[in-house]
Amino acid sequence: MQTTIRSALTFTGRGLHTGRRARMTVHPASAEYGIWFRRTDVIGRDPMVQAHWSAVENAKLCTEISNAAGVGVSTIEHLMAALAGCGIHNALIEIDGPEVPILDGSSAPFARALVARGVRELDAPLHCFEILKPVEVRDGTAMARLEPADALEIDFEIDFPDVAIGHQRQTLTMANGAFLRELSDCRTFCRQADVEAMQAAGLALGGNPGENAVVFDGDKVLSPGGLRRADEPVRHKMLDALGDLALAGAPILGRYTGTRAGHAMTNRLLRALFADPTAFRIVRCDPARRRQLPGTGINTADIPAVA
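Note that the structure is predicted; figures quoted are calculated from it, not measured. (Residues numbered from 1 in each chain as written. Predicted model: local features only at pLDDT ≥ 70, side-chain atom pairs only at ≥ 80, totals over all residues. Heavy atoms only, no water.)

Draft legend 1. How the structure looks around the packing of helix α5 (residues 232-245) against helix α6 (residues 263-274). The N-to-C vectors of α5 and α6 enclose an angle of 35 degrees; their axes lie 10 Å apart at closest approach. As α5 packs across α6, the resulting crossing turns out to be right-handed. Touching D240, A241, D244 and L245 of α5 are H263, T266 and L270, all from α6. The residue inventory of the contact of α5 with α6, partitioned by class, reads 3 nonpolar, 2 polar and 2 charged. (Axes fitted to C-alpha atoms, helices over the stretch in contact; angles between N-to-C directions. Helix = DSSP H or I, 4+ residues; strand = E, 2+ residues; numbered from the N terminus. Left-handed = near helix turned anticlockwise from the far one by under 90°. Contact = heavy atoms within 4.5 Å. Nonpolar A, V, L, I, M, F, W, Y, C, P; charged D, E, K, R; others polar.)

Structural data, given as structure tokens:
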């Protein structure tokens, strides 16, 4: 069955890149609605923006979606990951600014609140995209691929010159609350030089190391309290990937592999997938398939207490 949130839930905070404070409310929605954003601060233009791969306009530093009127919402990936990880398929998200609040830089604040509020089943069947053959995109040494698998699996590899990050790889199946337990608390990260460059360009204005991002400088972790997990960076990349894959419009049954991949490459991968009708099929999620999806059988105890 499709689902939605049981009742409305509000978050407030600053955007990481714009620094603007926003109030955001996640509302229940009917079956087949999907995930939509509504910019409540926009007057005279269409305020509705669909959370869909085809609406992605900018995915360099974060995932940004926009509509034909040029109205957009950015940094949606952590919220989208939380919705997918909590098994929520339909929601209307009202926001009075251009960027989703960064909160602590992870999905945990969103996920904890969503699980506590509860999920309501809707009288409509849930369908998934089943991957039938490998689809791959590359850009130099970076690569993203989808291939057949019985469940949603994520395999991610990163390699940074900073000693404190270095080479990391992790593979997880997203069933049975794995997203909440293993990924939801992992924060966005960057290097100190990148922070300085972004701030000089008028970006990262809402960033506060230790509160909403992990900042690295060579062999040092500058954020107070250090890392939540030894491999927090690669796990956050997996969190991002889940959020970006959620823009498919329905859950995916397949294995995602990312090597030095980012938001833009995952969006390119979805575009390549849907450009090839022989690479996937739409299947009804019977109970067996439903058990392989994120969000099945979860509870607040699955979310790490550190977040």
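Draft legend 2. Inspection of the sheet that holds strand β11 (residues 127-131) at higher detail. Reading across the sheet, the 3 strands line up as β19-β11-β21 and stay open at both edges, with mixed pairing between neighbours. The sheet terminates laterally at β19 (252-253) and β21 (280-284), the two strands that pair on one side only. Judged from the 2 bridges that link them, β11 and β19 form a sheet pairing that is parallel. The residue bridging E130 from the neighbouring strand is L253, located in β19. (Pairing = 2+ DSSP bridges.)

Draft legend 3. Fine view of α6. Between its first and last C-alpha, α6 extends 17 Å over 12 residues, near the 16 Å set by a 1.5 Å rise per residue. By the burial criterion, the buried members of α6 are H263, M265, T266, N267, L269, L270, L273 and F274. (Expected span 1.5 Å × (residues − 1). Buried < 20%, exposed > 50% of the residue type's maximum accessible area, 1.4 Å probe, protein only.)

Draft legend 4. Molecular detail of the nonpolar core. Counting residues in each nonpolar core, the largest one holds 79 residues, and the members touching the most others are F37, I65, V100, I252, Y256 and L273. The residues touching F37, leaving out its near neighbours within four places in the chain, are P47, M48, V49, A51, I65, V73, I76, L79, I93, I95 and V100. Grouped together as the second largest cluster of nonpolar side chains are 6 residues, C128, L253, C285 and L293 included. (Core = buried A, V, L, I, M, F, W, Y, C linked by side-chain atoms within 4.5 Å.)

Draft legend 5. Focus on the environment of V234. Mapped onto the secondary structure, V234 falls in helix α5. Distance in space between the C-alpha atoms of V234 and D139 is 19 Å, their sequence separation being 95 residues. Ignoring sequence-local partners within four residues, the contact set of V234 consists of F156, E157, I158, Q168, R169 and Q170.

Draft legend 6. Highlighting the pattern of salt bridges. Applying the stated criterion across every chain yields a total of 20 salt bridges. E94 is paired through a salt bridge with R38; the nearest N and O atoms lie 3.3 Å apart. Pair noted here: E94 is in strand β9 (residues 91-95) and R38 is in strand β4 (residues 35-39), with a separation of 56 residues, a long-range link. With a closest N to O distance of 3.6 Å, R289 and D286 form a salt bridge. Judged by relative accessible area, R289 falls into the partly exposed class, the value being 25%. Where salt bridges share partners, they join E182, D185, R229, D231 and R235 into one cluster. (Salt bridge = Lys/Arg side-chain N within 4 Å of Asp/Glu carboxyl O.)

Draft legend 7. Region of the structure containing the pairing of β11. Within β11, 4 of the 5 residues are buried, which leaves it mostly tucked inside the rest of the structure. As paired elements, β11 and β21 share 5 bridges and run antiparallel to each other. Along β21, the bridge assignment pairs I131 with F280.

Draft legend 8. Representation of the packing of helix α1 (residues 77-85) against helix α2 (residues 108-117) in the model. For the pair α1 and α2, interaxial distance at closest approach is 8 Å and the crossing angle is 35 degrees. You can see that α1 and α2 cross each other, and the crossing is right-handed. Contacts between α1 and α2 involve H78, L79, A82 and L83 on the former and, on the latter, F110, A111 and L114. Residue composition of the contact of α1 with α2, by class: 6 nonpolar, 1 polar and no charged.

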